[in-house]
Amino acid sequence: MFSYIKFVVGLLIVSILLFFISGRIELERVVSLVNIQSIFLLSIISVVISILLSLQLFLSFKIFPPKLYFLECLHLVFNNSLVNALLPFKAGLVLRWIYVKKKYKYSIVNYLSNTLSIQLIQLASALILFIFIALIYQIDNKYLNNQNFLIFILTVVLTCTIIFLFKPRLLIKIISALNILVLNWKKVIAVIIIQILFIILSAGRLYLATIFLNINVQFHQILIIQSLLTIILFTNLTIGNLGIKEGSVYIIAASLGVSGEHMVIAALLDRAASLIPIVVIGSYSTYWLKKALKHSSNNRG
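Residues numbered from 1 in each chain as written. Predicted model: local features only at pLDDT ≥ 70, side-chain atom pairs only at ≥ 80, totals over all residues. Heavy atoms only, no water.

### Some words on a nonpolar patch on the surface
And then number 1: A cluster of nonpolar residues, Trp185, Ile189, Ile193, Leu197 and Ile200, forms a patch on the protein surface that exposes about 460 Å² of accessible area.
And then number 2: For Ile200, the position within the fold is in helix H10 (residues 185-212).
And then number 3: The class for Ile200 is partly exposed, based on a relative accessible area of 33%. (Patch = residues over 30% accessible without salt bridge, like charges linked within 9 Å, V, L, I, M, F, W, Y side chains within 5 Å. Areas by Shrake-Rupley, 256 points an atom, 1.4 Å probe, with all protein chains shown as cover. Salt bridge = Lys/Arg side-chain N within 4 Å of Asp/Glu carboxyl O. Helix = DSSP H or I, 4+ residues; strand = E, 2+ residues; numbered from the N terminus. Buried < 20%, exposed > 50% of the residue type's maximum accessible area, 1.4 Å probe, protein only.)

See below:
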């Protein structure tokens, strides 16, 4: 019932956005620009992004053993994405823990240290990338006025506050994991690089969506949007962040002087294209993981 409410809330937000923008742009003309080839290309990029995340997960388990095979990490990422698309609050992380617990006797303490540390690195990477772009393009003078910059700061603070409220022991777990991260600093740097590549590729997918829809926007503006989205979407307040992503895109794009209405359509196209490989490969990954657990259980028996 709770998941159903979350889905309805997300769907309601998207419906309100579409109703709002339908009176401002020629919605049917914009949507008619989408074709099978464009969706296929965006889906291929989504698969590459998932492979990157699998490599990041593979490295994280090298930092916090036991070590998993890369193929396992690949299936865990697709399964995680599929479950998160169906359930709120990153429920895929729970199923991931159940898998490593049953197969590798992985303790909840180690799993939380692993997951929370990597999430902290992901948040920090997004913030670093945003600041880097701000310095390169001087967006604080060219694009963002003082009011919008204040809104950004408040958004980051609010997001972090919500994360800490839902995970009150987050700071304790992070502090306990810092020593392990320092000892594995080379792998941590690799995780940071992969996260930045993930944001750039995700921004590239969204940018391609804007090209297919003939939206006038520059790539560095998309990078700004994607960097801030990475931070905001950690809240996972609705199933698959439905409505949260689109609403955030509208606000950030508008603050950058980009058509928020058109960017919402681009974000929906981006979402649809990413869901195709998640549903197709994620379904098989669920079967593969169940089979792997059964095989492991039989070997122990």
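From this point, things continue past the structure.
### A few points about the pattern of salt bridges
And then number 1: Across all of its chains, the model carries four salt bridges by this definition.
And then number 2: Salt-bridge contacts for Asp270 lead to Arg205; the nearest nitrogen and oxygen are separated by 2.7 Å. Note that Asp270 is positioned in helix H13 (residues 260-300) and Arg205 in helix H10, a separation of 65 residues in sequence. Taken as a pair, Asp270 and Arg205 share a single burial class, namely buried.
And then number 3: The exposure class of Asp270 is buried, given its relative accessible area of 1%.
And then number 4: Taken together, the shared-partner salt bridges connect Arg205, Lys245 and Asp270 into one network.

### Examining the packing of aromatic side chains
And then number 1: This model, assessed by the stated rule, comprises five aromatic pairs.
And then number 2: For the pair Phe61 and Tyr106, a centre-to-centre distance of 5.6 Å together with 55° between the ring planes defines the contact as tilted. Here Phe61 is found in helix H3 (residues 36-63), whereas its partner Tyr106 is found in the loop between helix H5 (91-104) and helix H6 (108-137), with 45 residues between them in sequence. Residue Phe61 shares its accessibility class with Tyr106, and that shared class is buried.
And then number 3: Considering the side-chain rings of Tyr207 and Phe219, the 5.4 Å spacing of their centres and the 75° angle between planes classify their relative orientation as edge-to-face. Of this pair, Tyr207 sits in helix H10 while Phe219 sits in helix H11 (residues 219-232), placing them twelve residues apart in sequence.
And then number 4: Residue class for Tyr207 comes out partly exposed when judged on its relative accessible area of 26%.
And then number 5: Joined through ring pairs, the aromatic side chains of Phe61, Tyr106 and Tyr111 make up one cluster. (Phe/Tyr/Trp six-rings, centres within 6.5 Å; stacked < 30°, edge-to-face > 60°.)

### Quick notes on the nonpolar core
And then number 1: Grouped together as the largest cluster of nonpolar side chains are 38 residues, with contacts concentrated most on Ile222, Ile225 and Met263.
And then number 2: Contributing elements (two or more residues each) for this core: H3, H6, H10, H11, helix H12 (244-255) and H13.
And then number 3: With eight residues, the single largest contributor to this core is H11.
And then number 4: Excluding its chain neighbours within four sequence positions, the residues that come into contact with Met263 are Leu206, Thr210, Ile215, Ile222, Ile225, Val249, Ala253 and Val258.
And then number 5: Judged by nonpolar contacts, the second largest core, of 23 residues, contains Leu52, Phe58, Leu68 and Val191. (Core = buried A, V, L, I, M, F, W, Y, C linked by side-chain atoms within 4.5 Å. Contact = heavy atoms within 4.5 Å.)

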